[in-house]
Amino acid sequence: MKRESALNLVLVSTPVGCLGSGRGGGVELTIASLTKGLLELGHQITLVAPKGSVLPSGCSGVDLREVEGVDQPSWQRRKFEGPALIPPRGVLPGLWADALDLGGKADAVINFGYDWLPIWLTKRVVPRLFHLISMGGVSEIMQDLIGEVAISAPSRFAFHTHRQAADFSLIQEPIVVGNGFDLGSYEFQSSPKGPLGWVGRVSPEKGLEDAAAVAAALDDRLLVWGVIDDPAYAKRVEESVPTGTIEWMGFFPTSVLQLQLGACRALINTPKWNEAYGNVIVEAMACGVPVVAYDRGGPGELIVSGLTGWLVPPNDLDELISATTRVDQIDRKKCRKWAEEHASLDIFASLVEQWIRSGITAEAIGKGPEEFFS
Ligand code: UDP
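Residues numbered from 1 in each chain as written. Predicted model: local features only at pLDDT ≥ 70, side-chain atom pairs only at ≥ 80, totals over all residues. Heavy atoms only, no water.

A.B. asks: I'd love a proper account of the packing of aromatic side chains, names of residues and values included.
C.D. replies: Tallied over the entire structure, the rule returns five aromatic pairs. Centroid distance W116 to W120: 5.6 Å. Interplanar angle 15°. Geometry classified as stacked. Here W116 pairs with W120, and both are found in helix α3 (residues 116-121), just four residues apart, close to one helical turn. A cation over an aromatic ring shows up here: R156 above the ring of F130, its NZ or CZ 5.3 Å from the ring centre. For R326, the ring lying beneath its charged end belongs to W310, and the centroid distance is 4.7 Å. (Phe/Tyr/Trp six-rings, centres within 6.5 Å; stacked < 30°, edge-to-face > 60°. Helix = DSSP H or I, 4+ residues; strand = E, 2+ residues; numbered from the N terminus. Lys NZ or Arg CZ within 6 Å of the ring centre and 35° of its normal.)

A.B. asks: I'd like to hear about the site of the ligand, residue by residue, with values.
C.D. replies: The environment of the ligand is made up of 17 residues, and the closest members are G26, R201, K206, F252 and E283. A distance of 2.6 Å separates an oxygen atom of the ligand from a polar backbone atom of G26. At 2.7 Å from an oxygen atom of the ligand is found a side-chain nitrogen or oxygen belonging to R201. Considering the ligand on its own, with 540 Å² of exposed area, one finds that the protein chains cover 91% of that surface. Considering each element in turn, the shell around the ligand owes the most residues, three residues, to helix α9 (residues 279-286). Classifying every residue of the shell around the ligand gives eight nonpolar, five polar and four charged. (Near = heavy atom within 4 Å. Polar contact = N/O pair within 3.5 Å; in protein donor to acceptor, adjacent residues only side chain to side chain. Areas by Shrake-Rupley, 256 points an atom, 1.4 Å probe, with all protein chains shown as cover. Nonpolar A, V, L, I, M, F, W, Y, C, P; charged D, E, K, R; others polar.)

A.B. asks: Kindly report on a negative patch on the surface, identifying the contributing residues and their values.
C.D. replies: A surface patch of like charges, here negative, comprises E81, E140, D144 and E148. Summarising the element assignment, E140 is placed in helix α4 (residues 140-152). Judged by its relative accessible area of 34%, E140 falls in the partly exposed class. (Patch = residues over 30% accessible without salt bridge, like charges linked within 9 Å, V, L, I, M, F, W, Y side chains within 5 Å. Salt bridge = Lys/Arg side-chain N within 4 Å of Asp/Glu carboxyl O. Lys, Arg positive; Asp, Glu negative; His and termini not counted. Charge placed at Lys NZ, Arg CZ, Asp CG, Glu CD. Buried < 20%, exposed > 50% of the residue type's maximum accessible area, 1.4 Å probe, protein only.)

A.B. asks: Just give me the short version of the environment of A153, but keep the residues and values in it.
C.D. replies: Looking at the secondary structure, you find A153 in the loop between α4 and β6 (157-158). For the pair formed by A153 and T122, sequence separation is 31 residues and the distance between their alpha carbons is 8.4 Å.

A.B. asks: So what's going on with the pattern of salt bridges? Residues and values would help.
C.D. replies: A side chain of one charge can pair with a side chain of the opposite charge when the charged atoms of the two come close. According to the stated counting rule, one finds 15 salt bridges in the structure shown. For D229, the salt bridge identified is with R201, shortest N-O distance 3.0 Å. Highlighted residues: D229 in the loop between β8 (222-225) and α7 (231-239) and R201 in the loop between β7 (196-199) and α6 (208-217), separated in sequence by 28 residues. Residue class for R201 comes out buried when judged on its relative accessible area of 11%. Between E341 and K337 there is a salt bridge, with its nearest N and O atoms 3.1 Å apart. With E341 and K337 both in helix α12 (residues 332-342) and four residues apart, this pair spans about one turn of that helix. Its relative accessible area of 45% is what places E341 among the partly exposed residues. Residue classification places K337 among the partly exposed residues on the basis of a relative accessible area of 46%. Via salt bridges that share partners, E4, E353 and R357 belong to a single interconnected network.

A.B. asks: Explain the sheet that holds strand β4 (residues 108-111) to me, and be specific about the residues and the numbers.
C.D. replies: Taken in spatial order, the six strands make up an open sheet running β3-β2-β1-β4-β5-β6, and their pairing is parallel. Two strands in the sheet have a free side with no partner beyond their single neighbour: β3 (63-67) and β6. As paired strands, strand β5 (residues 129-132) and β6 are joined by two bridges and run parallel to one another. Bridged to H131 within β6 is F157. (Pairing = 2+ DSSP bridges.)

Rendered as C-alpha coordinates:
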(Lines give C-alpha, C1' and ligand atoms only; values in the text may rest on other atoms or scores of the structure.)
Protein backbone atom coordinates (compact mmCIF):
# COMPACT_ATOMS: atom_id res chain seq x y z
CA MET A 1 0.00 0.00 0.00
CA LYS A 2 1.30 3.47 -0.83
CA ARG A 3 2.46 5.34 2.28
CA GLU A 4 0.78 8.73 2.59
CA SER A 5 3.11 11.73 2.68
CA ALA A 6 4.56 12.76 6.04
CA LEU A 7 2.82 15.58 7.85
CA ASN A 8 4.47 18.69 9.20
CA LEU A 9 2.95 19.00 12.68
CA VAL A 10 3.27 21.61 15.42
CA LEU A 11 2.44 20.22 18.87
CA VAL A 12 1.61 22.73 21.59
CA SER A 13 2.22 21.52 25.13
CA THR A 14 0.22 22.22 28.26
CA PRO A 15 0.85 25.71 29.73
CA VAL A 16 0.36 24.37 33.28
CA GLY A 17 3.99 23.25 33.75
CA CYS A 18 7.10 22.42 31.76
CA LEU A 19 7.36 18.90 30.37
CA GLY A 20 9.04 16.61 32.84
CA SER A 21 7.91 18.55 35.92
CA GLY A 22 4.79 16.48 36.61
CA ARG A 23 2.76 19.69 37.12
CA GLY A 24 1.05 19.11 33.79
CA GLY A 25 -0.37 15.78 35.03
CA GLY A 26 -1.23 12.99 32.59
CA VAL A 27 -0.97 15.29 29.57
CA GLU A 28 2.80 15.19 29.90
CA LEU A 29 2.86 11.45 29.27
CA THR A 30 0.33 11.77 26.44
CA ILE A 31 2.57 14.32 24.71
CA ALA A 32 5.66 12.16 25.25
CA SER A 33 4.14 9.02 23.81
CA LEU A 34 2.35 10.73 20.96
CA THR A 35 5.46 12.66 19.93
CA LYS A 36 7.41 9.41 19.80
CA GLY A 37 4.60 7.59 17.97
CA LEU A 38 4.20 10.33 15.35
CA LEU A 39 7.98 10.45 14.79
CA GLU A 40 7.96 6.68 14.25
CA LEU A 41 5.26 7.18 11.63
CA GLY A 42 7.68 9.49 9.84
CA HIS A 43 6.09 12.86 10.59
CA GLN A 44 8.01 16.08 11.14
CA ILE A 45 7.38 17.46 14.62
CA THR A 46 7.94 20.85 16.22
CA LEU A 47 7.06 20.95 19.91
CA VAL A 48 6.21 24.31 21.48
CA ALA A 49 6.46 24.05 25.27
CA PRO A 50 7.13 26.11 28.41
CA LYS A 51 10.79 26.89 29.15
CA GLY A 52 12.53 24.14 31.08
CA SER A 53 10.71 21.38 29.20
CA VAL A 54 12.71 18.24 28.54
CA LEU A 55 12.26 16.32 25.31
CA PRO A 56 10.81 12.88 25.94
CA SER A 57 13.27 10.01 25.45
CA GLY A 58 13.44 8.73 21.88
CA CYS A 59 12.41 12.16 20.54
CA SER A 60 15.76 13.73 19.63
CA GLY A 61 14.44 14.36 16.09
CA VAL A 62 11.95 16.90 17.44
CA ASP A 63 12.47 20.65 17.09
CA LEU A 64 11.75 21.92 20.64
CA ARG A 65 10.76 25.59 20.95
CA GLU A 66 10.79 26.76 24.54
CA VAL A 67 8.68 29.72 25.61
CA GLU A 68 9.24 31.72 28.77
CA GLY A 69 6.37 32.73 31.04
CA VAL A 70 4.35 32.07 34.15
CA ASP A 71 2.48 28.75 34.43
CA GLN A 72 -1.20 28.82 33.61
CA PRO A 73 -3.35 28.02 36.67
CA SER A 74 -5.00 24.62 36.20
CA TRP A 75 -8.80 24.43 35.97
CA GLN A 76 -9.39 21.59 38.43
CA ARG A 77 -9.61 23.71 41.53
CA ARG A 78 -11.43 26.71 40.08
CA LYS A 79 -15.14 27.43 40.27
CA PHE A 80 -17.20 25.83 37.48
CA GLU A 81 -18.81 29.22 36.72
CA GLY A 82 -15.50 31.12 36.98
CA PRO A 83 -13.78 33.13 34.23
CA ALA A 84 -10.91 32.07 31.99
CA LEU A 85 -7.71 33.47 33.52
CA ILE A 86 -4.34 34.46 32.16
CA PRO A 87 -1.79 35.53 34.79
CA PRO A 88 0.55 38.52 34.22
CA ARG A 89 3.50 37.40 32.06
CA GLY A 90 1.66 34.12 31.46
CA VAL A 91 3.20 31.53 29.17
CA LEU A 92 -0.05 30.74 27.34
CA PRO A 93 -0.15 33.72 24.92
CA GLY A 94 3.57 33.19 24.16
CA LEU A 95 3.01 29.53 23.32
CA TRP A 96 0.24 30.50 20.92
CA ALA A 97 2.17 33.37 19.32
CA ASP A 98 4.90 30.85 18.39
CA ALA A 99 2.43 28.11 17.46
CA LEU A 100 0.56 30.40 15.05
CA ASP A 101 3.82 31.58 13.43
CA LEU A 102 5.00 28.00 12.95
CA GLY A 103 1.52 26.78 12.06
CA GLY A 104 1.47 28.94 8.93
CA LYS A 105 3.88 26.49 7.30
CA ALA A 106 2.56 23.31 8.96
CA ASP A 107 -0.20 20.90 7.97
CA ALA A 108 -1.75 21.10 11.41
CA VAL A 109 -1.23 22.41 14.94
CA ILE A 110 -2.22 20.00 17.72
CA ASN A 111 -3.12 21.58 21.03
CA PHE A 112 -2.83 19.64 24.30
CA GLY A 113 -3.68 22.51 26.65
CA TYR A 114 -7.16 22.67 28.14
CA ASP A 115 -7.62 26.40 27.65
CA TRP A 116 -10.02 28.97 26.34
CA LEU A 117 -7.59 30.94 24.15
CA PRO A 118 -6.51 28.22 21.65
CA ILE A 119 -10.05 26.95 21.25
CA TRP A 120 -11.39 30.45 20.67
CA LEU A 121 -8.69 30.96 18.01
CA THR A 122 -9.78 27.86 16.04
CA LYS A 123 -12.19 29.60 13.67
CA ARG A 124 -10.29 32.87 13.54
CA VAL A 125 -6.87 31.90 12.20
CA VAL A 126 -5.54 30.30 9.01
CA PRO A 127 -3.41 27.52 10.62
CA ARG A 128 -5.50 24.42 11.26
CA LEU A 129 -5.80 24.01 15.02
CA PHE A 130 -6.76 20.58 16.35
CA HIS A 131 -7.48 20.04 20.04
CA LEU A 132 -7.00 16.84 21.99
CA ILE A 133 -9.21 17.66 24.97
CA SER A 134 -7.61 16.40 28.17
CA MET A 135 -10.35 16.97 30.75
CA GLY A 136 -14.10 16.71 31.05
CA GLY A 137 -16.47 19.63 31.47
CA VAL A 138 -14.79 21.13 34.53
CA SER A 139 -15.67 24.70 33.57
CA GLU A 140 -18.77 26.31 32.13
CA ILE A 141 -16.87 28.66 29.83
CA MET A 142 -14.87 25.74 28.37
CA GLN A 143 -17.91 23.52 28.00
CA ASP A 144 -19.76 26.29 26.16
CA LEU A 145 -16.87 27.19 23.89
CA ILE A 146 -16.03 23.61 22.90
CA GLY A 147 -19.70 22.91 22.16
CA GLU A 148 -19.99 26.09 20.11
CA VAL A 149 -16.81 25.67 18.02
CA ALA A 150 -17.56 21.97 17.46
CA ILE A 151 -20.81 22.85 15.70
CA SER A 152 -18.99 24.20 12.65
CA ALA A 153 -15.59 22.53 13.14
CA PRO A 154 -16.30 19.09 14.67
CA SER A 155 -13.20 17.53 13.14
CA ARG A 156 -10.95 19.84 15.16
CA PHE A 157 -11.71 18.04 18.43
CA ALA A 158 -10.81 14.61 19.73
CA PHE A 159 -11.39 13.09 23.16
CA HIS A 160 -9.77 10.33 25.19
CA THR A 161 -12.94 8.43 26.09
CA HIS A 162 -16.66 8.47 25.30
CA ARG A 163 -17.50 9.20 28.93
CA GLN A 164 -15.31 12.29 28.83
CA ALA A 165 -16.83 13.47 25.54
CA ALA A 166 -20.33 13.07 27.01
CA ASP A 167 -19.57 16.07 29.25
CA PHE A 168 -19.83 18.34 26.21
CA SER A 169 -22.86 19.22 24.10
CA LEU A 170 -21.74 17.86 20.76
CA ILE A 171 -24.15 17.52 17.89
CA GLN A 172 -21.96 14.97 16.09
CA GLU A 173 -20.49 11.66 17.28
CA PRO A 174 -17.25 12.56 19.08
CA ILE A 175 -13.90 11.44 17.73
CA VAL A 176 -12.39 9.25 20.47
CA VAL A 177 -8.69 8.37 20.21
CA GLY A 178 -7.98 6.82 23.62
CA ASN A 179 -4.41 7.25 24.80
CA GLY A 180 -1.11 5.48 24.19
CA PHE A 181 1.83 4.21 26.20
CA ASP A 182 5.34 3.18 25.29
CA LEU A 183 4.70 -0.32 26.62
CA GLY A 184 8.32 -1.40 26.17
CA SER A 185 9.07 0.89 29.12
CA TYR A 186 6.74 -1.03 31.46
CA GLU A 187 7.92 -4.35 32.84
CA PHE A 188 5.37 -7.09 33.56
CA GLN A 189 5.60 -8.35 37.15
CA SER A 190 3.77 -11.55 38.00
CA SER A 191 3.78 -11.55 41.81
CA PRO A 192 0.29 -10.93 43.25
CA LYS A 193 1.54 -10.43 46.80
CA GLY A 194 2.69 -6.82 47.01
CA PRO A 195 1.26 -3.74 48.74
CA LEU A 196 -1.70 -1.59 47.67
CA GLY A 197 -0.85 1.39 45.45
CA TRP A 198 -2.32 4.72 44.44
CA VAL A 199 -0.89 7.05 41.77
CA GLY A 200 -1.92 10.58 40.82
CA ARG A 201 -1.70 14.25 41.57
CA VAL A 202 -2.58 14.60 45.23
CA SER A 203 -5.55 16.90 44.88
CA PRO A 204 -9.19 16.64 46.07
CA GLU A 205 -10.69 15.67 42.70
CA LYS A 206 -8.53 12.53 42.78
CA GLY A 207 -10.22 11.17 45.92
CA LEU A 208 -7.15 9.78 47.68
CA GLU A 209 -9.11 9.69 50.96
CA ASP A 210 -11.22 6.77 49.72
CA ALA A 211 -8.21 4.66 48.78
CA ALA A 212 -6.67 5.49 52.17
CA ALA A 213 -9.90 4.37 53.86
CA VAL A 214 -9.71 1.04 52.02
CA ALA A 215 -6.14 0.46 53.18
CA ALA A 216 -7.12 1.39 56.75
CA ALA A 217 -10.14 -0.94 56.70
CA LEU A 218 -7.92 -3.80 55.56
CA ASP A 219 -5.30 -2.90 58.17
CA ASP A 220 -2.85 -2.45 55.29
CA ARG A 221 -0.55 0.25 53.92
CA LEU A 222 -1.15 2.41 50.84
CA LEU A 223 1.85 3.45 48.75
CA VAL A 224 1.20 6.84 47.11
CA TRP A 225 3.13 8.19 44.10
CA GLY A 226 2.61 11.62 42.58
CA VAL A 227 3.06 15.36 42.81
CA ILE A 228 1.44 16.88 45.92
CA ASP A 229 -0.68 19.58 44.27
CA ASP A 230 -2.50 20.46 47.47
CA PRO A 231 -0.42 19.96 50.67
CA ALA A 232 -3.31 20.87 53.02
CA TYR A 233 -5.47 18.20 51.39
CA ALA A 234 -2.63 15.66 51.63
CA LYS A 235 -2.34 16.39 55.36
CA ARG A 236 -6.10 15.99 55.88
CA VAL A 237 -6.08 12.62 54.13
CA GLU A 238 -3.09 11.42 56.13
CA GLU A 239 -4.82 12.43 59.36
CA SER A 240 -8.03 10.62 58.37
CA VAL A 241 -6.39 7.19 58.71
CA PRO A 242 -4.18 5.51 61.34
CA THR A 243 -0.57 6.74 61.41
CA GLY A 244 1.58 4.84 58.93
CA THR A 245 -1.30 3.86 56.62
CA ILE A 246 -0.05 6.18 53.90
CA GLU A 247 3.48 5.94 52.64
CA TRP A 248 4.38 8.97 50.51
CA MET A 249 6.67 7.67 47.79
CA GLY A 250 7.22 10.93 45.81
CA PHE A 251 7.18 11.68 42.10
CA PHE A 252 9.39 9.59 39.81
CA PRO A 253 10.07 9.32 36.09
CA THR A 254 8.22 6.47 34.38
CA SER A 255 11.24 4.14 34.50
CA VAL A 256 11.27 4.21 38.32
CA LEU A 257 7.51 4.53 38.84
CA GLN A 258 6.69 1.47 36.74
CA LEU A 259 9.18 -0.70 38.60
CA GLN A 260 7.75 0.20 42.01
CA LEU A 261 4.13 0.20 40.84
CA GLY A 262 4.52 -3.21 39.19
CA ALA A 263 5.31 -4.72 42.59
CA CYS A 264 1.82 -3.79 43.90
CA ARG A 265 -0.97 -6.34 44.22
CA ALA A 266 -3.55 -3.72 43.17
CA LEU A 267 -3.92 -0.08 42.20
CA ILE A 268 -6.86 1.69 43.81
CA ASN A 269 -8.19 4.53 41.64
CA THR A 270 -10.85 6.71 43.18
CA PRO A 271 -11.40 9.99 41.31
CA LYS A 272 -14.36 12.11 42.38
CA TRP A 273 -14.59 13.87 39.01
CA ASN A 274 -15.27 12.66 35.51
CA GLU A 275 -11.68 11.63 34.77
CA ALA A 276 -11.03 12.07 31.04
CA TYR A 277 -8.93 8.92 30.77
CA GLY A 278 -6.81 7.81 33.72
CA ASN A 279 -3.25 7.16 32.53
CA VAL A 280 -2.27 5.51 35.76
CA ILE A 281 -4.82 2.74 35.22
CA VAL A 282 -3.21 1.63 31.99
CA GLU A 283 0.28 2.10 33.40
CA ALA A 284 -0.62 -0.24 36.26
CA MET A 285 -2.17 -2.78 33.89
CA ALA A 286 0.93 -2.61 31.66
CA CYS A 287 2.91 -3.87 34.66
CA GLY A 288 0.32 -6.58 35.34
CA VAL A 289 -1.33 -4.76 38.25
CA PRO A 290 -5.15 -5.09 38.50
CA VAL A 291 -7.11 -1.91 39.20
CA VAL A 292 -10.03 -1.39 41.55
CA ALA A 293 -11.96 1.77 40.68
CA TYR A 294 -15.26 3.59 40.73
CA ASP A 295 -17.38 3.05 37.64
CA ARG A 296 -17.19 6.70 36.62
CA GLY A 297 -15.46 8.60 33.78
CA GLY A 298 -12.52 7.15 31.85
CA PRO A 299 -11.70 4.42 34.40
CA GLY A 300 -15.17 2.94 33.86
CA GLU A 301 -14.33 2.58 30.18
CA LEU A 302 -10.81 1.23 30.62
CA ILE A 303 -11.28 -1.48 33.24
CA VAL A 304 -13.04 -4.70 32.30
CA SER A 305 -14.58 -5.66 35.62
CA GLY A 306 -13.66 -9.22 36.54
CA LEU A 307 -10.92 -9.39 33.86
CA THR A 308 -8.47 -6.55 34.55
CA GLY A 309 -9.76 -5.43 37.94
CA TRP A 310 -13.05 -4.49 39.55
CA LEU A 311 -15.43 -1.59 38.96
CA VAL A 312 -17.71 -0.61 41.81
CA PRO A 313 -20.52 1.97 42.08
CA PRO A 314 -19.13 5.51 42.54
CA ASN A 315 -18.49 6.49 46.18
CA ASP A 316 -19.44 3.04 47.50
CA LEU A 317 -16.65 2.48 50.01
CA ASP A 318 -17.92 -0.90 51.22
CA GLU A 319 -17.89 -2.25 47.67
CA LEU A 320 -14.46 -0.75 47.10
CA ILE A 321 -13.11 -2.54 50.18
CA SER A 322 -14.76 -5.81 49.23
CA ALA A 323 -13.49 -5.63 45.63
CA THR A 324 -9.96 -4.95 46.86
CA THR A 325 -10.02 -8.25 48.76
CA ARG A 326 -10.85 -10.02 45.48
CA VAL A 327 -7.94 -8.84 43.32
CA ASP A 328 -6.31 -12.26 43.65
CA GLN A 329 -9.03 -13.49 41.26
CA ILE A 330 -7.57 -11.37 38.47
CA ASP A 331 -5.01 -12.86 36.09
CA ARG A 332 -2.20 -10.30 35.92
CA LYS A 333 -1.26 -11.41 32.40
CA LYS A 334 -4.69 -10.32 31.18
CA CYS A 335 -4.06 -6.80 32.50
CA ARG A 336 -0.88 -6.52 30.45
CA LYS A 337 -2.65 -8.01 27.41
CA TRP A 338 -5.44 -5.43 27.62
CA ALA A 339 -2.90 -2.59 27.58
CA GLU A 340 -1.12 -4.12 24.57
CA GLU A 341 -4.34 -4.55 22.63
CA HIS A 342 -5.93 -1.19 23.45
CA ALA A 343 -3.41 1.41 24.54
CA SER A 344 -0.10 0.99 22.75
CA LEU A 345 1.77 3.99 21.42
CA ASP A 346 1.36 2.68 17.83
CA ILE A 347 -2.42 2.34 18.07
CA PHE A 348 -2.74 5.80 19.61
CA ALA A 349 -0.41 7.53 17.12
CA SER A 350 -2.24 5.91 14.21
CA LEU A 351 -5.63 7.06 15.53
CA VAL A 352 -4.35 10.59 15.99
CA GLU A 353 -2.84 10.54 12.50
CA GLN A 354 -6.16 9.34 11.10
CA TRP A 355 -7.99 12.09 13.00
CA ILE A 356 -5.73 14.84 11.61
CA ARG A 357 -5.72 13.50 8.04
CA SER A 358 -9.47 12.99 7.98
CA GLY A 359 -9.97 16.48 9.43
CA ILE A 360 -7.80 18.06 6.73
CA THR A 361 -9.52 16.06 3.96
CA ALA A 362 -13.02 16.60 5.32
CA GLU A 363 -12.59 20.35 5.32
CA ALA A 364 -10.97 20.37 1.87
CA ILE A 365 -13.96 18.66 0.28
CA GLY A 366 -16.66 19.78 2.68
CA LYS A 367 -17.54 16.40 4.22
CA GLY A 368 -18.00 15.60 7.89
CA PRO A 369 -15.20 13.70 9.67
CA GLU A 370 -17.52 10.82 10.49
CA GLU A 371 -17.38 9.83 6.81
CA PHE A 372 -13.65 9.17 7.19
CA PHE A 373 -13.18 8.28 10.81
CA SER A 374 -14.61 5.01 12.01
N1 UDP B 1 3.24 10.17 37.34
C2 UDP B 1 4.61 10.06 37.16
N3 UDP B 1 5.38 9.76 38.24
C4 UDP B 1 4.87 9.55 39.48
C5 UDP B 1 3.46 9.65 39.64
C6 UDP B 1 2.67 9.97 38.55
O7 UDP B 1 5.13 10.23 36.06
O8 UDP B 1 5.63 9.27 40.40
C9 UDP B 1 2.40 10.50 36.15
C10 UDP B 1 1.67 9.30 35.63
O11 UDP B 1 2.52 8.56 34.78
C12 UDP B 1 0.50 9.91 34.88
C13 UDP B 1 0.30 11.23 35.55
O14 UDP B 1 1.36 11.39 36.50
O15 UDP B 1 0.79 10.08 33.51
C16 UDP B 1 -1.06 11.36 36.19
O17 UDP B 1 -1.96 11.32 35.15
P18 UDP B 1 -3.51 10.97 35.26
O19 UDP B 1 -4.05 10.81 33.87
O20 UDP B 1 -3.72 9.80 36.16
O21 UDP B 1 -4.17 12.22 35.97
P22 UDP B 1 -4.08 13.82 35.78
O23 UDP B 1 -2.95 14.28 36.65
O24 UDP B 1 -3.81 14.11 34.34
O25 UDP B 1 -5.40 14.33 36.25
